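Working through the structure, step by step
Okay, here's what each chain looks like letter by letter:
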Amino acid sequence: QALYFQRHRQDPDIVLYRESISEALIQHLKLAHLDATSDFTAKPNLDRLKNYILANLNRKLTVSKLAQLEETTTQSLQKAVRTQYGQSVYQWVTTFRLERSPKLD
């Protein structure tokens, strides 16, 4: 009812309210009606992400930035990297940095 009565108003607070209520409804429906193993998040392309990391090793790379690039969640990215490489995203990036660093003799 709340969404119905506010559907034509366009002031920023109402728009944000509608988005919040809609998101809450979607989350409720996912929890109530989907198998717990279902996942709506995009699966990250780790090969593409690896190329991005290697090209940007001199920059500050965060898990949230990398997840954003792959249009996925940080949790989904962490899970994918841990499954494929047995490391956290932080460890994965650090491994690339160490491989690229000059050898100290």
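Remember, predicted model here, so these are calculated numbers, not experimental data. (Residues numbered from 1 in each chain as written. Predicted model: local features only at pLDDT ≥ 70, side-chain atom pairs only at ≥ 80, totals over all residues. Heavy atoms only, no water.)

What the rule picks out here adds up to 2 aromatic pairs. By the ring-pair criterion, three or more aromatic residues cluster together here, those being Tyr85, Trp92 and Phe96. (Phe/Tyr/Trp six-rings, centres within 6.5 Å; stacked < 30°, edge-to-face > 60°.)

In this section: helix α5 (residues 74–85). An ideal rise of 1.5 Å per residue puts 16 Å on 12 residues; α5 measures up with 16 Å between its terminal C-alpha atoms. Within the sequence span of α5, burial applies to Ser76, Leu77, Ala80 and Val81. The buried side chains of α5 occupy one side of the element, clustering within an arc of 125 degrees when seen end-on. Those residues of α5 that are exposed and angled more than 90 degrees off the buried face are Gln75, Lys79 and Thr83. The secondary structure elements touched by the buried residues of α5 are α3 (46–55), α4 (63–69) and α6 (89–100). In the stretch just after α5, glycine 86 is the one whose phi turns positive, near 70 degrees. (Helix = DSSP H or I, 4+ residues; strand = E, 2+ residues; numbered from the N terminus. Expected span 1.5 Å × (residues − 1). Buried < 20%, exposed > 50% of the residue type's maximum accessible area, 1.4 Å probe, protein only. Arc of directions from axis to C-beta. Contact = heavy atoms within 4.5 Å.)

Attention now goes to α3. All buried positions along α3 are accounted for by Leu46, Leu49 and Ile53. On an axial view of α3, the arc spanned by its buried residues comes to 60 degrees, and they lie on one face. Residues of α3 that are exposed and point over 90 degrees away from its buried face: Asp47, Asn51 and Ala55. Contacts made by the buried residues of α3 are with α4, α5 and α6. By the N-cap criterion, in which a side-chain oxygen at the helix start approaches the backbone nitrogen of a residue two or three places on, α3 is capped by asparagine 45, the distance to aspartate 47 being 3.2 Å. (Polar contact = N/O pair within 3.5 Å; in protein donor to acceptor, adjacent residues only side chain to side chain.)

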